[in-house]
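Coordinate analysis (summary)
So the chains spell out like this:
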Amino acid sequence: MLETIRSKKISFWIKGSIFLIAASLLYYALDRNDNLDTRYLEEMKGGWKHAASLLVLAFLLIPLNLSLEALKWKYLIRKIEQITFLQAFEGIITGITMGFVTPHGLGDYLARILTLTNSGRAKGLGAVFLSRISQFYITLYFGTIALVFYVHSVIQDAAINYNLLVWFAVLNNVLFVFIFIYHQAIFRYIEGWSFLKKVLPYIEIIKHYSFREINYSLLLSFFRYLIFSFQFVLLLVYFQIELSWWLMLMGVSFIFFVKSVIPTFLDLGVRETAAVIFFGMYSDLHQNILFASLTLWLFNLVGPAMAGLMLIFKMRVFRK
């Protein structure tokens, strides 16, 4: 009895500390963002007068985006623990909060696992990894296409470098497909590597997924990617960036690719810089490009991260 009370107190103080740190870092990220100024509010107000429906639609896509990720998480973690859609959704929101305030979103792994109750929940790290790598592959696939397009547009006279980049993009994407198809054989092979013995038990679950199950995870990731992209295009149009839809989609793929391969903390700067680098070639409205990127950041990261603050107290620090 005393041990249980003691565990609850320790758990409360740990979660309270995480809450305070996360809330402080969220405030810091918002306060440090120089683009959140009166000019941004004026542009938001101006856009509302002529394209309110675009902003509303982009906003309404947020729960659909999160729901797809919750479905993917519920599907993948079922080999460890059966959870409801609501539990999966809460795990995703908490993961966004913890991922937002840790380098390259690493806190997402911990948060999702701590929302589970199963005594073997640590083994679910492999499921989190598979969920994230599925999303990364979709981003990588379309991102490399956009990168090839960008290099061809900027360095048109560097034919050799361009051809090498094309081959790199093709081989990179083929390699991922090869890994997905033969992941079970690859896992059996690396099981003999002694330096991985302490890590493998936590990701061993990956070898128990069939190629069909991985394809389902990839499909949900693809639909999420479409929603992200559509949101970004809607916001670019809202802030009066007048480009073809095809070019905007290519730019969005480039931005997501850069954001995924460059480690970040508090998600500051990288997306906005990539947006200006690409769209700056076709539009002089650099500030409006930044505002579109900033709004996407507020919609899909800051908003859910703030909503997930209170869910931190629902995490299970100690196993039952």
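As a reminder, the structure under discussion sits directly above these lines.
Residues numbered from 1 in each chain as written. Predicted model: local features only at pLDDT ≥ 70, side-chain atom pairs only at ≥ 80, totals over all residues. Heavy atoms only, no water.

1. Brief notes about the overall build of the protein
Rules: Think of it this way: any DSSP run of H or I at least four residues long counts as a helix, any run of E at least two long counts as a strand, and we number them from the N terminus. C-alpha atoms define the radius of gyration, and 2.2 Å times the number of residues to the power 0.38 defines the globule rule. Each residue gets one of three labels from its accessible area relative to the maximum for its type: buried under 20%, exposed over 50%, partly exposed in between, using a 1.4 Å probe on protein chains only. Methods summary: accessible areas were calculated by the Shrake-Rupley approach with a probe of 1.4 Å, and residue burial reflects only the protein chains presented. As used throughout, the charge tally considers Lys and Arg to be positive and Asp and Glu to be negative, leaving His and the chain termini uncounted. Where a charge lies is defined by one atom per residue type, namely NZ (Lys), CZ (Arg), CG (Asp) and CD (Glu).
Each helix and strand in the protein was counted, giving 12 helices and zero strands. The order of helices and strands in the protein, counted from the N terminus, is α-α-α-α-α-α-α-α-α-α-α-α. Relative to the compact-globule value of 20 Å for 320 residues, the protein shows a C-alpha radius of gyration of 21 Å, a close match. The dimensions of the protein, computed from C-alpha atoms along their principal axes, are 65 × 45 × 30 Å. Expressed as a percentage of its 320 residues, the buried residues of the protein come to 49%. Counting every atom, the protein has about 16,500 Å² of accessible surface; 68% of that belongs to carbon and sulfur. Taking the 28 positively charged and 18 negatively charged side chains of the protein as two groups, their mean positions are separated by 15 Å.

2. Details of helix α7 (residues 183–190)
Each full turn of the α-helix corresponds to 3.6 residues, which orients residues three or four apart in the same direction. Selection rule: Comment: arc refers to directions from the helix axis out to C-beta atoms.
Those residues of α7 that fall on the buried side of the exposure criterion are His183, Phe187 and Ile190. Taken down its axis, α7 places every buried residue within 70 degrees of arc, on the same side. α7 presents Arg188 and Tyr189 as exposed residues on the side facing more than 90 degrees away from its buried surface.

3. A short note on the layout of surface pockets
In plain terms, the rule: Of the grid points, spaced at 1 Å and generated over the protein atoms alone, those admitting a 1.4 Å probe that cannot get out make up cavities, while open sets with protein on both sides within 12 Å along at least five of seven lines make up pockets; any residue with an atom within 4 Å of a point is treated as lining. Grid points are joined across faces, edges and corners, and a volume is the space filled by probe spheres set on the points. Each residue gets one label: Ala, Val, Leu, Ile, Met, Phe, Trp, Tyr, Cys and Pro are nonpolar, Asp, Glu, Lys and Arg are charged, and the others, such as Gly, are polar.
Roughly 330 Å³ of internal volume is contained in the second largest pocket. What lines the second largest pocket is a set of 13 residues, and nearest its centre among them are Phe129, Ile133, Ile179, His183 and Ile206. Those elements giving two or more residues to the lining of the second largest pocket turn out to be α5 (125–154), α6 (159–181) and α7. Examining the composition of the lining of the second largest pocket, we find that four residues originate from one element, α7, more than from any other. Its residues assigned to classes, the lining of the second largest pocket shows 12 nonpolar, one polar and no charged.

4. Some details on the nonpolar core
To be explicit about the condition: Side-chain atoms within 4.5 Å are what join buried Ala, Val, Leu, Ile, Met, Phe, Trp, Tyr and Cys residues into a set we call a nonpolar core. Residue contacts follow a heavy-atom distance rule, with two residues in contact if any of their heavy atoms lie within 4.5 Å.
In terms of nonpolar packing, the biggest core is built from 95 residues, with Trp73, Phe100, Phe232, Leu236, Phe254, Phe278 and Phe279 touching the most fellow members. Per element, the largest residue contribution to this core is 13 residues, and it comes from α5. Discounting chain neighbours no more than four positions away, the residues touching phenylalanine 278 are Phe149, Tyr150, Leu247, Met250, Gly251 and Phe254.

5. A word on the packing of helix α2 (residues 38–77) against helix α9 (residues 211–238)
Threshold: Lines fitted to the C-alpha atoms define the axes, with helices restricted to the stretch that makes contact. Angles between their N-to-C directions range from 0 to 180 degrees. The labels follow the angle: roughly parallel below 35 degrees, roughly antiparallel above 145, roughly perpendicular from 65 to 115, and oblique for the rest.
Direction vectors running N to C along α2 and α9 enclose 170 degrees, while the axes themselves pass 8 Å from each other. With respect to their mutual orientation, α2 and α9 come out roughly antiparallel. In the contact of α2 with α9, the residues fall into 25 nonpolar, six polar and five charged.

6. Structural notes on the packing of aromatic side chains
To keep things clear, this is the line we draw: The aromatic pairing rule takes the rings of Phe, Tyr and Trp, using the six-membered ring of Trp, and pairs them if the centres are within 6.5 Å, calling planes under 30 degrees apart stacked, those over 60 edge-to-face and the rest tilted. Both a distance and an angle decide whether a charge sits over a ring: NZ of Lys or CZ of Arg must be within 6 Å of the ring centre and within 35 degrees of the ring normal.
Summed over the entire model, instances satisfying the criterion amount to 29 aromatic pairs. With a centroid separation of 5.5 Å and 75 degrees between ring planes, the pair formed by phenylalanine 59 and phenylalanine 299 is classed as edge-to-face. One end of the pair, phenylalanine 59, is in helix α2; the other, phenylalanine 299, is in helix α12 (residues 286–307), with 240 residues separating them in the sequence. Classification of phenylalanine 299 by relative accessible area gives buried; the value is 15%. On the numbers, 5.2 Å between centres and 90 degrees between planes, the contact of tyrosine 141 with phenylalanine 142 is edge-to-face. Accessibility expressed as a relative area gives 36% for tyrosine 141, which makes it partly exposed. The structure contains a cluster of three or more aromatic residues connected by ring pairs, namely Phe136, Tyr137, Tyr141, Phe142, Phe176, Phe180, Phe222, Phe223, Tyr225, Phe228, Phe232 and Phe256. Taking the ring centre of tyrosine 75 as reference, the NZ or CZ of arginine 78 above it sits at 4.1 Å. Across from the ring centre of tryptophan 73, 5.1 Å away, lies the NZ or CZ of arginine 112, which sits over that ring.

7. Describing a nonpolar patch on the surface
To be explicit about the condition: Patch membership is restricted to residues that have no salt bridge and whose relative accessible area is over 30%. Joining uses 9 Å for like charges and 5 Å for the nonpolar side chains Val, Leu, Ile, Met, Phe, Trp and Tyr. Salt bridges are identified by distance alone: a Lys or Arg side-chain nitrogen within 4 Å of an Asp or Glu carboxyl oxygen.
There is a patch of nonpolar side chains on the surface, built from Leu175, Val177, Phe178, Ile179, Ile181, Tyr182, Ile186 and Phe211 and spanning about 650 Å² of accessible area. Along the polypeptide, phenylalanine 178 turns up in helix α6.

8. Notes on the pattern of salt bridges
According to the stated counting rule, one finds 10 salt bridges in the structure shown. For lysine 72, the salt bridge goes to glutamate 69, with nearest N and O atoms at 3.1 Å. Of this pair, lysine 72 and glutamate 69 are both found in helix α2, three residues apart, which corresponds to roughly one turn of the helix. A salt bridge links glutamate 90 to lysine 314; the shortest N-O distance between them is 3.1 Å. Of this pair, glutamate 90 sits in helix α3 (residues 85–100) while lysine 314 sits in the segment after α12, and the two are 224 residues apart along the sequence. Through salt bridges with shared partners, a single network forms among Glu69, Lys72, Asp108, Arg112, Arg132 and Arg224.

Geometric values such as these leave the question of function open.
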